[in-house]
Amino acid sequence: MTAGIDVFFREWQRRRPGQTRSVDRARALATEVGLLEPGVPVLTVVGSKGKGTAATFASAYLAAAGLRVCTVTSPALRSDRERIRVDGRALSEREFRDVAGRLGRALDALPEPGDGYLSPSGLFTLGGVLQARTAGADVIVLEAGRGGRSDEVSLFPPAVAAFTPIFAEHVGVLGDTPAAIAEEKAGVTDAATGAVVSAPQSPEVTEAIARTLRERGITLETLDEHHPAVPVDPLPGGFGRVNALLGCAAAKRLLEVRAMAAPPPGRLASVMSSVTVPGRLSWHPVPGTGSEILADCAISGPGVAAALAAARRRWGTIDHVFVCLPDDKDVAGAISELGDLPVTFIRLPYRRLGFTHPLPPGWQVGRADDLTRSILESSGEHVVALGTVYFVGRVLELLDARTDRLFTVPDHDLDDTPDDRPGRPG
């Protein structure tokens, strides 16, 4: 385990019955560390699915403009250091320990938790804002952990907000309908927000977002798939494409509202072509073999269908599929899409997750802890791994896949002093 990780999970692990996640306590901690005024513009991504992809492409676009970008996403695949990145690179062990130590000392200065505890995702958000200051970041990109108004990202009002597709998730927690959930997520904005860009939504979700924004004097901008944010076409296919384009469009709007220079076309093309989002239709060789694995965090029937279609386009045939979906995901939809393919269903060792959905009689069943590289190697040349982030991260760990860098910026040395970087605003 990475040194210092206890700080981020301490109060969540010690929470008592009846305690709830507390944004007020997170605000108190941010005040203790002096973070409530980050001093640089914030781009916040909210939604139900695809937030990490949108945040990644927004960060790459801004870095192509010559800005130093600190990005916070969740959850991680192989290491919690991946939750905080500077210019696409995960924090080093030393950087991570420093952030954890500074948060830990501030946390020790707070009173003991009352009715509310500090959530892990909220602490990583605060840690990211803290690292942005240390690294001399010019802009911060935050992915909401859950919700909008009720999420710790709301402590840092965005200059620009991006809305990925919103559907019925966390029903009864964020709201009872998709429209109510959308209204809660739109609460992340305030009157100082300069622009809000949304992926196409259902009519009721669009109206809920627009109504909330009107109260703040903001006009909702809906993404057009032909948006000119990226003059080249290096964006991913499948469901990820609209979220990648959304991230680029939101980044473009941030540069516009803050009167910052657009990225040079050649530099933009170079950075965008380097973007990799592990676990989102990502391809990985099995070391020492001729086999390849497609890893994708698909959790719905349409998502599974998109991944299988991508695999068939590349390989023609699929030898085996490993899938991990607890009961709160679209297990029935996945079963329908997988049809008569050879499948191993993987169960996770978490009591809070149920794996009771009836499975087709021909499927094999295994446990995540028992999955090994040799099992992957023996499953064929063309293997697909689908499901939860934890499971996909487990597969990538077995393959020793790189997850430490999401994109590369030409002649942008992370050790440069902030004043020496091209494109830095005056």
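**Q** Could you clarify how one ought to interpret the packing of aromatic side chains in this entry?
**A** Each pair of aromatic rings is reported with the distance of its centres and the angle of its planes. Within this structure, the stated rule accounts for 8 aromatic pairs. Both rings, one in Phe8 and one in Phe124, keep their centres 4.1 Å apart while their planes meet at 5 degrees; by these two values the pair is stacked. Taken together, the positions of Phe8 in helix H1 (residues 6–13) and Phe124 in helix H5 (residues 120–135) put the pair 116 residues apart, joining distant regions of the chain. A relative accessible area of 0% means that Phe8 is categorised as buried. Residue classification places Phe124 among the buried residues on the basis of a relative accessible area of 1%.

**Q** Is there a simple way to think about helix H8 (residues 240–257) in this case?
**A** Given 3.6 residues per helical turn, the α-helix brings residues three or four places apart onto the same face. If you check H8, its first and last C-alpha atoms are 26 Å apart, about what 18 residues at 1.5 Å a residue would give, namely 26 Å. Among the residues making up H8, those that are buried are Asn243, Ala244, Leu245, Leu246, Gly247, Cys248, Ala249, Ala250, Ala251, Arg253, Leu254 and Leu255. Positive backbone phi, approximately 55 degrees, marks Ala259, located one or two places after H8.

**Q** Honestly, helix H9 (residues 265–273) in this entry has me stumped. Any pointers?
**A** Residues of H9 that are buried: Arg267, Leu268, Val271 and Met272. The buried residues of H9 occupy an angular sector of 125 degrees when the element is viewed end-on, so they sit on one face. Exposed residues lying more than 90 degrees from the buried face of H9 are Pro265, Gly266 and Ser273. Where H9 is buried, its residues meet helix H3 (51–64) and H8.

**Q** What is the right way to look at the sheet that holds strand E16 (residues 382–387) in this model?
**A** Whenever strands of a sheet pair, they do so through backbone hydrogen bonds, lying parallel or antiparallel. Pairing in this open sheet of 6 strands is mixed, and the strands run E11-E12-E16-E13-E14-E15 from one edge to the other. What marks the edges here is a single partner per strand, and that holds for strand E11 (282–285) and strand E15 (364–367). On average, each strand axis in the sheet is tilted by 25 degrees relative to the strand beside it, whichever way the strands run. Across 4 bridges, strand E14 (residues 343–347) lies against E15 in parallel orientation. Note that in E15 the partner of Phe345 across the bridge is Val365. The strands that helix H10 (residues 301–315) touches are E11, strand E12 (292–296), strand E13 (320–324) and E16; relative to E12, the one it contacts most, it runs at about 155 degrees.

**Q** I tried to follow the pairing of strand E9 (residues 195–198) on my own but got confused; where do I start?
**A** Alternating residues of E9 divide into Ala195 and Val197 and Val196 and Ser198, and every residue in both groups is buried. Bridge count between strand E8 (residues 160–163) and E9: 4 bridges; the pairing is parallel. By the bridge assignment, Phe163 is partnered in E9 with Ser198. Regarding topology, helix H7 (residues 203–214) serves as the crossover connection from E9 to the parallel strand E10 (residues 220–222), and that connection is right-handed.

**Q** Where do I start with the confidence of the model for the protein in this structure?
**A** Atomic detail in the predicted coordinates should be set aside for any region of low pLDDT. Chain-level pLDDT for the protein is 90 on average; 91% of the residues reach the 70-or-more range. Note that pLDDT drops below 50 for residues 413–426; the model gives that stretch 28 contacts with residues more than four away or on any other chain.

**Q** Looking at this structure, I do not really get the packing of H1 against helix H4 (residues 93–108). What am I missing?
**A** Geometry of a packed helix pair, given as the angle between the helix axes and the separation of the axes. Between H1 and H4, the shortest axis-to-axis distance is 9 Å and the interhelical angle comes to 40 degrees. On the basis of their axis angle, the class for H1 and H4 is oblique. Residues Val7, Phe8, Arg10 and Glu11 of H1 touch H4, and the partners they reach there are Phe96, Val99, Ala100, Leu103, Gly104, Leu107 and Asp108.

**Q** When you look at the environment of Ala262 in this model, what are you seeing that I'm missing?
**A** Positionally, Ala262 belongs in the loop between H8 and H9. In the structure, Ala262 is positioned 116 residues away from Arg146 in sequence and 31 Å away in space, judged by C-alpha atoms. Leave out the neighbours within four places in its chain, and Ala262 touches Ala65 and Leu255.

**Q** Please clarify how the sheet that holds strand E5 (residues 89–90) should be interpreted in this entry.
**A** Taken together, the 8 strands give an open sheet; going across it, the order is E5-E4-E3-E7-E2-E8-E9-E10, and neighbouring strands pair in mixed fashion. Two strands close off the open sheet at either side, each with one partner strand: E5 and E10.

**Q** Mind showing me how you'd approach the pairing of E14 here?
**A** Sheet faces and side chains relate simply in a regular strand, where the side chains alternate between the two faces. Taken across its 5 residues, E14 has 4 buried, putting it largely inside the fold. Sheet analysis places E13 next to E14, joined by 3 bridges and oriented parallel. Each residue of the ladder has a partner; that of Val321, found in E14, is Val343. With respect to chirality, the unit in which E13 leads through helix H11 (residues 331–338) into the neighbouring parallel E14 is right-handed.

The rules we used
Residues numbered from 1 in each chain as written. Predicted model: local features only at pLDDT ≥ 70, side-chain atom pairs only at ≥ 80, totals over all residues. Heavy atoms only, no water. Phe/Tyr/Trp six-rings, centres within 6.5 Å; stacked < 30°, edge-to-face > 60°. Helix = DSSP H or I, 4+ residues; strand = E, 2+ residues; numbered from the N terminus. Buried < 20%, exposed > 50% of the residue type's maximum accessible area, 1.4 Å probe, protein only. Expected span 1.5 Å × (residues − 1). Arc of directions from axis to C-beta. Contact = heavy atoms within 4.5 Å. Pairing = 2+ DSSP bridges. Axes fitted to C-alpha atoms, helices over the stretch in contact; angles between N-to-C directions. Right-handed = clockwise from strand over helix to strand, strands pointing away. pLDDT = per-residue confidence, 0-100. Parallel < 35°, antiparallel > 145°, perpendicular 65-115°, else oblique.

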